Amino acid sequence: MAITDAPKIVTSRLGHPDSHTLERYLATGGYEGLRKALTMTPEAVAAEVDAASLLGRGGAGFPAGRKWAMLRKDPVTYLVVNGDESEPATFKDHLLVERDPHQLVEGVVIAAYALQVSQVFIFIRGEFALGLERVQGALNDAYAHGAVGADIFGSGFSVDVVVHPGAGAYICGEETALLESLEGKRGFPRIKPPFFPAAIGLYGQPTVVNNVETMSNLPWIVRNGGAAFAALGEGRSTGTRLFALAGHVNKPGVYELEMAKTTFRDLIYAPVLGGGVRHGRELKAFIPGGVSAPWFGPDQVDLPLGQDEVGAAGSMLGSGSVVVMDDHTCPVRASWRITKFFSRESCGQCTPCREGSGWLERIMERIETGSGREEDLDLLLDACDNIAPGLTWPPQQTTICVLGPSIPSSIGSAIKMFRDEFLVHVKDGGCPYA
Amino acid sequence: MTGARPSHFSPELAERARELVALYPEPRSALIPLCHLAQEQDGYLTAEAMEEVAALVGVTPAEVLGTASFYDMLHTEPVGRYVVAICTNIACMLGGALELLEHAEAHLQVGVGGTTADGLFTLEEAECLADCDRTPCVQVNHRFVGAQTPESFERLVAELRAGGRVEEIPPHGTLVRVRRTIGLAADPAAVAAERAAEAEARAAREAASGDGGGR
Ligand SMILES: Cc1cc2nc3c(=O)[nH]c(=O)nc-3n(C[C@H](O)[C@H](O)[C@H](O)COP(=O)(O)O)c2cc1C
Ligand code: SF4
Ligand code: FES
């Protein structure tokens, strides 16, 4: 395994300080993908995306082409872009909306053309104040340039694109909660079935929801062809992907890497990537795909960054975030903090998620702060089992959305990998790292 | 009864509100953006603003409150001029965020959720803000100010106290500089008139159906 010299598909412009401007965008091939798409039939554009076998970059990894095909049988009414990016330690879409908003806009218009949609909403989390400004600014410029709006580039195709701000709620990243929020309501996920967005989405109409990074790949795919994209990567993991590397590494950041060709070891240790564990320490554990994912230990660093490979090893590539913990990290504290996050962000509709997250948080807190008991470990696992029966991977679903069943991942991993350290907390009446 | 009520929004804001409502097929979709705007004018969501938003999107003020209270960024109680959010989620925690938060509490002499006596700062413990390679991550009024150490945090606070950084850190809210300037699919004034007519018709129907309130 190695770091390949695959082209930068979505980060090619980021070296320029003015990467967000229309001038820079046009000087670097901007809107050529859209011009090309408009000379093709919508079906032919969709076929390129299908050929690319582009997997959705929002977390679930569903092929975009297949999602679109399910919809094109029905007339699709809306395209909604998911820029909520709130999965802890995931920070790639942040980069794309702030630093290359035109690439997103171009991708969105290409998708709208392929799907023959005339109304698009780009949902961006409210905390991205600058991101919202940049995307709206890009849209204003793109309208003036004739790339969005009525009769785009004289093709006869028209689409309106609205930027919509979130208001602070992790759950609105879940696509049906996002649609509720976009309808001006509380972000309560809807029950699937029947509320699959493709069937009953925004305002009850068929809707495609795709992630910001998924959309940002489209200009390149149309310019270079789906086959060129599919030639990169390995197996089902085609193209490149953004990996957000955080935690105890020398060089945290967002890295675009060819899928399934690079390993976690490369990402964490290569001098041009993570540059190794901070302060010359040892790797203790890492989270391979957002805090909903089970943790890995040092013996799994040679796994490739591929969707199926990570899935087969019992976790997921998820949102593309990798969190590194060094040997000075308290695993109890880390999983307590993750549990606290879920407890805060549970929307409260389902009992196992609402009550379970609170219980788990309180038990974790008492272990970390020194008043835990040995039986608490079984209690934790028992409560986890109530939320996600059997503690299998992927978890069994007992709730409306998968936030609930994701809660046990970190606790289950921490206990499995570091049971001794939990016991030390109990015996010593406190955190040995404090 | 419509039309006569004086607007709680400034004329400029009222115009922007009409624009926002016109962007959506259903007016209620503008509810959250309008709350952001109102918050920028008043510092938080006042009862008057919620009434105004309710009238603009055709729901009751209670529905606006019920919706707004779900969202962390919408404040139905006054907050400081600067809302300082320190992320303590996993990446930031590994980068020393809990220590920074403790320092901030001591320095500002407020607990999490509290506002300083001078009304300048509200301190929040945030969940991940998606800036996890610059830890601990801090936002002021939803503007990223980069990783902070206890020392740099004190300097930042002093700068804000002295009235610095006003350009970079506008009032609490996020839409102040986000404005659609081109290609409006619908004319805001026409949409506003249409919505007002709908509201009037609804009111007339309710009045005609007897007690007006019971359903
Ligand atoms: C709790 C939860 C949070 C989610 N957060 C996000 C998010 O922040 N951004 C995102 O694109 N997808 C998120 N998703 C996945 C979306 O539901 C959806 O699958 C995705 O937006 C589809 O886009 P894609 O197919 O292009 O990946 C989340 C899912 C769940 C269950
Ligand atoms: S699982 Fe949790 S977050 Fe998802 S709908 Fe149920 S209560 Fe809400
Ligand atoms: S974990 Fe703090 S910004 Fe992401």
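All values derive from a computational prediction rather than experimental measurement.

Q: I'd love a proper account of the environment of Arg278 of chain A, names of residues and values included.
A: Secondary-structure assignment places Arg278 of chain A in the loop between helix H12 (264-269) and strand E9 (283-287). Distance from Arg278 of chain A to Val45 of chain A, taken between C-alpha atoms, is 45 Å for residues 233 residues apart in sequence. The residues touching Arg278 of chain A, leaving out its near neighbours within four places in the chain, are His248, Val249 and Asn250 of chain A together with Leu94 of chain B.

Q: Describe in detail the site of ligand 2, supporting the description with residues and values.
A: Residue and element names in this part refer to chain A. As a structural note, the neighbourhood of ligand 2 is formed by 13 residues, with Cys347, Gln349, Cys350, Cys353 and Cys401 the closest of them. Taking a 2 Å distance to the grid points as the criterion, the majority of the atoms of ligand 2 fall inside the second largest cavity. Of the residues in the shell around ligand 2, the class split is 8 nonpolar, 5 polar and no charged.

Q: A description of the interface of chain B and chain A should follow, citing residues and the corresponding values.
A: Much of the literature gives interface size as the accessible area that the parts lose upon coming together. Contacts between the two partners involve 49 residues from chain B, matched on the other side by 64 residues from chain A. Where chain B abuts chain A, roughly 4,500 Å² becomes buried across the two surfaces, and 59% of that area is made up of carbon and sulfur atoms. Across the contact surface, chain B and chain A share 26 residue pairs in polar contact (both at pLDDT 80 or more). Secondary structure elements with two or more residues in the side of chain B that touches chain A: helix H2 (31-42), helix H4 (61-68), helix H5 (90-94), helix H6 (97-108), strand E2 (121-126) and strand E4 (143-144) of chain B. A breakdown of the residues in the side of chain B that touches chain A according to their chemical character gives 25 nonpolar, 12 polar and 12 charged.

Q: I'd like to hear about the sheet that holds strand E1 (residues 82-87) of chain B, residue by residue, with values.
A: Residues and elements named next belong to chain B. With respect to topology, 4 strands assemble into an open sheet ordered E2-E1-E3-E4, the strand pairing being mixed. At either end of the open sheet lies a strand with only one pairing partner, and these are E2 and E4. Here E1 runs beside strand E3 (residues 138-140); their pairing, made up of 3 bridges, is antiparallel. If you follow Val84 over to E3, its bridge partner there is Val140.

Q: Tell me about the domain arrangement of chain A, and please be specific about residues and values.
A: Residue and element names in this part refer to chain A. Partitioning chain A into domains gives domain 1 (22-230), domain 2 (233-326) and domain 3 (331-428). Each partner contributes residues to the interface: domain 1 has 20 residues there, and domain 2 has 21 residues. Here domain 1 packs against domain 2, burying approximately 1,600 Å² in sum over the two surfaces, 57% of which is carbon and sulfur. A per-residue breakdown of the area domain 1 buries against domain 2 is headed by Leu55, Arg57 and Phe91, which together make up 29% of the total. On inspection of domain 1 and its partner domain 2, the count reaches 0 salt bridges. Inspection of the domain 1/domain 2 interface yields 10 residue pairs in polar contact (both at pLDDT 80 or more). Contributions of two or more residues to the side of domain 1 that touches domain 2 are made by helix H5 (92-99) and helix H11 (226-230). A per-element tally of the side of domain 1 that touches domain 2 places H5 first, with 3 residues. Of the residues assigned to the side of domain 1 that touches domain 2, the class counts are 12 nonpolar, 4 polar and 4 charged.

What counts as what
Residues numbered from 1 in each chain as written. Chains lettered and ligands numbered in written order. Predicted model: local features only at pLDDT ≥ 70, side-chain atom pairs only at ≥ 80, totals over all residues. Heavy atoms only, no water. Helix = DSSP H or I, 4+ residues; strand = E, 2+ residues; numbered from the N terminus. Contact = heavy atoms within 4.5 Å. Near = heavy atom within 4 Å. 1 Å grid on protein atoms, 1.4 Å probe; cavity = no way out; pocket = protein on both sides within 12 Å on 5 of 7 lines; lining within 4 Å. Sits in = over half its atoms within 2 Å of the grid points. Nonpolar A, V, L, I, M, F, W, Y, C, P; charged D, E, K, R; others polar. Buried area = accessible area lost by both parts, 1.4 Å probe. Polar contact = N/O pair within 3.5 Å; in protein donor to acceptor, adjacent residues only side chain to side chain. Pairing = 2+ DSSP bridges. Domains from an automatic or database assignment. Salt bridge = Lys/Arg side-chain N within 4 Å of Asp/Glu carboxyl O.

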